[in-house]
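In case you want the letters, here they are:
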Amino acid sequence: MEILKEIIGDNGRVGIMGGTFDPIHYGHLAAAEHVRDELGLDTVLFIPSGTPAFKEKQKASAAPHRFAMTALAIGDNARFHISGIEMERKGKSYTVDTLREIASKLPPKTKLYFIIGADAFMHINKWKQRDELFKLTHFAVTSRPGTCARDAQVMAKHLKEESKARIKMLEIPGLDISSSDIRNRVAYGWSIRYLVPGPVAAYIKEHKLYLREIPVKDIKMELEKRLSKKRYAHALSVAEEAKRLAGIHGADADRAYLAGLLHDAAKGMDDADLLKTAELFKIPLDGYMLETPGLVHSHVGAGIAAVKYNVADADVLNAIKYHTTGRPAMSLLEKIVFTADFTEPSRSALEGVKAAREYAEYDIDAAVIEALDRKMRAAGDAAHPLSRDAREYMTYHLHPDTEDY
Ligand code: ATP
Ligand code: MG
């Protein structure tokens, strides 16, 4: 607020742009810019809400995310500023409290203009201490596609007469953009380019915001359709076993179940299909994979989990990706899924499962080593070098006092 004081001087005109900004988009930015220009405001202060008063049921993203995105979005406009005033306050946010606090910190002659879209303005009668609000600030009501301008005008006229509200109606270039639409687009994997500033889009991607979490029961229904009966039963069995092992060894049971469930998601595909999909996902293929396309299914499976089922957790994706070959420095979850795939109950006919199964109860590393050895012996020359590297890694890093060392 101190910086703001310096900028605006004693007779400042300050726009206040409040919102959930989940995420901020060009509709917000354009509205703020046009109001600033038309009313000759010195600055516009963007205030991301804390706990939104009217949006409690629908969970908003964490406040620091919304603040960071807003800061990124306004970064290149010297006349835009941001305040964390509502986010710092505990409990519900009411605009009247916010404006009172701001007014108390700025020179007494400062004029405040609360910028609001016609859609939100139509609900103004529900706002806390409405008449007090009208005393504290002017209102700059902007047109917004989807809301009838005439209705807003009638409302404004009424409020001016009834409550002496100071309201300016502004026709601005219509941008039919909303945060809810953007959230949906991200969830469905559609582009949001040119709807939000580039750095905001990058932030959303980096922090994996708005991704759709698909309920496990829906994933199961899908998989049941995709996989043969036997393969689906195996997937369920690996999921259960991975969850059980997670309980024993201190990993996250839900993530273990999910990785187990999805580990063979690409198993229904034939070799040509696998290779084609691998290309689509830009999975680098080596000679071993080209010769034994079966090795590719785990990588493609991870791609399917990410793209089709919106799995964003890197550990889960890696557990799927390396469940066939293993790799050096596997995480606990990777080890669990790798082991569960080998030891799950319906594998009983396989030679060597018994020992791995016993180890798995108390020493997951020993179980992984046992499974790796068995798998590599069975594969012979076709064994992938990653398995050898994984085995070597386990020897040196986990049992440095073995004879092999
Ligand atoms: P949601 O879809 O989640 O409701 P939103 O896009 O409406 O989000 P808010 O954060 O709720 O965004 O809106 C903050 C303020 O910005 C409100 O006053 C709203 O009317 C205004 N506003 C939002 N989008 C636009 C737009 N495209 N044009 C004009 N005003 C807008
Ligand atoms: Mg809204």
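The preceding data block contains the structure.
Residues numbered from 1 in each chain as written. Chains lettered and ligands numbered in written order. Predicted model: local features only at pLDDT ≥ 70, side-chain atom pairs only at ≥ 80, totals over all residues. Heavy atoms only, no water.

**A look at the side chain of H81**
Along the chain, the position of H81 falls in strand β3 (residues 80-82). Side chain to side chain, H81 and T43 meet in a polar contact 2.9 Å long. (Helix = DSSP H or I, 4+ residues; strand = E, 2+ residues; numbered from the N terminus. Polar contact = N/O pair within 3.5 Å; in protein donor to acceptor, adjacent residues only side chain to side chain.)

**Focus: the packing of helix α17 (residues 314-321) against helix α18 (residues 332-343)**
Their axes nearest at 8 Å, the elements α17 and α18 cross at an angle of 35 degrees. Where α17 crosses over α18, the two elements pack in a sense that is right-handed. Contacts from D315, V316, N318 and A319 in α17 reach L333, E334 and V337 in α18. Of the residues that constitute the contact of α17 with α18, the class distribution is four nonpolar, one polar and two charged. (Axes fitted to C-alpha atoms, helices over the stretch in contact; angles between N-to-C directions. Left-handed = near helix turned anticlockwise from the far one by under 90°. Contact = heavy atoms within 4.5 Å. Nonpolar A, V, L, I, M, F, W, Y, C, P; charged D, E, K, R; others polar.)

**Section: the site of ligand 1**
Residues in close proximity to ligand 1 total 22 residues, the closest being H28, D119, L175, S179 and S180. Contacts to ligand 1 include G117, whose backbone N or O atom sits 3.0 Å from an oxygen atom. At a separation of 3.3 Å, an oxygen atom of ligand 1 approaches a polar side-chain atom of R183. Coverage of ligand 1 by the protein amounts to 89% of the 600 Å² it exposes when considered alone. Contributing elements (two or more residues each) for the shell around ligand 1: β1 (13-19), α2 (26-39), β4 (111-117), α6 (118-121) and α9 (179-187). A breakdown of the residues in the shell around ligand 1 according to their chemical character gives six nonpolar, 12 polar and four charged. (Near = heavy atom within 4 Å. Areas by Shrake-Rupley, 256 points an atom, 1.4 Å probe, with all protein chains shown as cover.)

**Some words on the nonpolar core**
Core analysis: the biggest nonpolar cluster contains 42 residues, and L223, L262, V300 and V311 have the highest contact counts within it. When contributions to this core are tallied by element, the ones reaching two or more residues are α11 (216-226), α12 (229-249), α13 (253-262), α14 (271-280), α16 (297-307), α17, α18 and α20 (364-379). Excluding residues within four positions of it along the chain, L262 makes contact with I219, L223, A305, Y309, V311 and I320. Core analysis: the second largest hydrophobic core is formed by 31 residues, V44, A73, A140 and V196 among them. (Core = buried A, V, L, I, M, F, W, Y, C linked by side-chain atoms within 4.5 Å. Buried < 20%, exposed > 50% of the residue type's maximum accessible area, 1.4 Å probe, protein only.)

**Quick look at the pattern of salt bridges**
Applying the stated criterion across every chain yields a total of 22 salt bridges. Among the salt bridges present, the one from E132 reaches R100, with a minimum N-O distance of 4.0 Å. With E132 in helix α7 (residues 130-136) and R100 in helix α5 (residues 95-105), the pair connects residues that are 32 residues apart, well separated along the chain. Accessibility expressed as a relative area gives 34% for R100, which makes it partly exposed. Of the charged contacts in the structure, one is a salt bridge between R327 and E334, with a shortest N-O distance of 2.7 Å. (Salt bridge = Lys/Arg side-chain N within 4 Å of Asp/Glu carboxyl O.)

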